[in-house]
Amino acid sequence: MEVQPKQATSKGSADWFTGDVYIDVIACAEEPSCFNVGAVHFTPGARTAWHSHHGGQTLYVTEGSGLVQSRGRQIVSISAGDVIRTPDGEEHWHGAAPDHFMTHLSMTDGYPTWGAQVTDDEYHNHRH
Ligand code: MN
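Note that the structure is a prediction, hence the values are computed from the model and not measured. (Residues numbered from 1 in each chain as written. Predicted model: local features only at pLDDT ≥ 70, side-chain atom pairs only at ≥ 80, totals over all residues. Heavy atoms only, no water.)

**Student:** How would you sum up the overall build of the protein? Please name residues and give values.
**Tutor:** Along the backbone of the protein there are one helix and 12 strands. A globule of 128 residues ought to have a C-alpha radius of gyration of about 14 Å, and the protein, at 14 Å, matches this closely. Across the 128 residues that make up the protein, the buried fraction comes to 36%. In the protein, the proportion of contacts linking residues at least 24 apart, taken out of those at least 6 apart, comes to 70%. Carbon and sulfur atoms form 53% of the exposed surface of the protein, whose accessible area is close to 7,500 Å². (Helix = DSSP H or I, 4+ residues; strand = E, 2+ residues; numbered from the N terminus. Rg over C-alpha atoms; globule rule 2.2 N^0.38 Å. Buried < 20%, exposed > 50% of the residue type's maximum accessible area, 1.4 Å probe, protein only. Contact = heavy atoms within 4.5 Å. Areas by Shrake-Rupley, 256 points an atom, 1.4 Å probe, with all protein chains shown as cover.)

Written out as structure tokens, the structure reads:
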């Protein structure tokens, strides 16, 4: 075993995120596994684009308050300690609440498929 050197925090791509998002890699897939774990830090109002995961995704919220939504469902509020499981292929997004930071661990066993950004209207829909 080894205590691994700390990798630099990376900025989430504007192709896949709205707002400022920072990612710390924890476990990187090594062949033949596709297992990935990352800590994803969302600033207030920041969120992923619509996407799905081959093999699904488990999120564990470590800090703050956020929002998740699957296509065609209501927006759901999440906070520290919540575990959110999204099944294989289910289109969804996740992000911070409008006025709070949110950090979650993302655990996946396959690659994401990215779609359109979550518009401000979609993001704020829970307030209507
Ligand atoms: Mn996801």
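That was the structure; now back to the text.
**Student:** Can you break down the coordination of the manganese ion residue by residue, with the values?
**Tutor:** For the manganese ion, every protein donor is listed as His51 (NE2), His53 (NE2), Gln57 (OE1), His92 (NE2) and His94 (NE2), and the spread of their distances is 2.1 to 2.2 Å. Taken in chain order, the donor set of the manganese ion reads H-x1-H-x3-Q-x34-H-x1-H. Remark: histidine 92 occurs in strand β10 (residues 92–96) and histidine 53 occurs in strand β6 (residues 51–53); sequence separation between them is 39 residues. Looking at histidine 53, the relative accessible area reads 6%, which means it is buried. (Donors = N, O, S within 2.8 Å, 3.2 Å for Na, K, Ca; no water.)

**Student:** I'd like a rundown of the pattern of salt bridges, residues and numbers included.
**Tutor:** This model, assessed by the stated rule, comprises four salt bridges. The salt bridge partner of lysine 11 is aspartate 20, with a shortest N-O separation of 3.1 Å. Relative accessible area serves as the criterion here: at 47%, lysine 11 is assigned to the partly exposed category. With a relative accessible area of 37%, aspartate 20 lands in the partly exposed category. The residue arginine 47 makes a salt bridge to aspartate 120 at a minimum N-O spacing of 2.9 Å. Here arginine 47 is found in strand β5 (residues 47–48), whereas its partner aspartate 120 is found in helix α1 (residues 120–123), with 73 residues between them in sequence. According to the relative accessible area criterion, arginine 47 is buried, its value standing at 4%. (Salt bridge = Lys/Arg side-chain N within 4 Å of Asp/Glu carboxyl O.)

**Student:** Outline the state of the cysteines, listing residues and values.
**Tutor:** Scanning the entire structure with this criterion turns up zero disulfides. Here cysteine 28 is not cross-linked by a disulfide; its sulfur's nearest cysteine counterpart is in cysteine 34, at 11 Å. (Disulfide = S-S within 2.5 Å.)

Read these as spatial facts, not as claims about activity.
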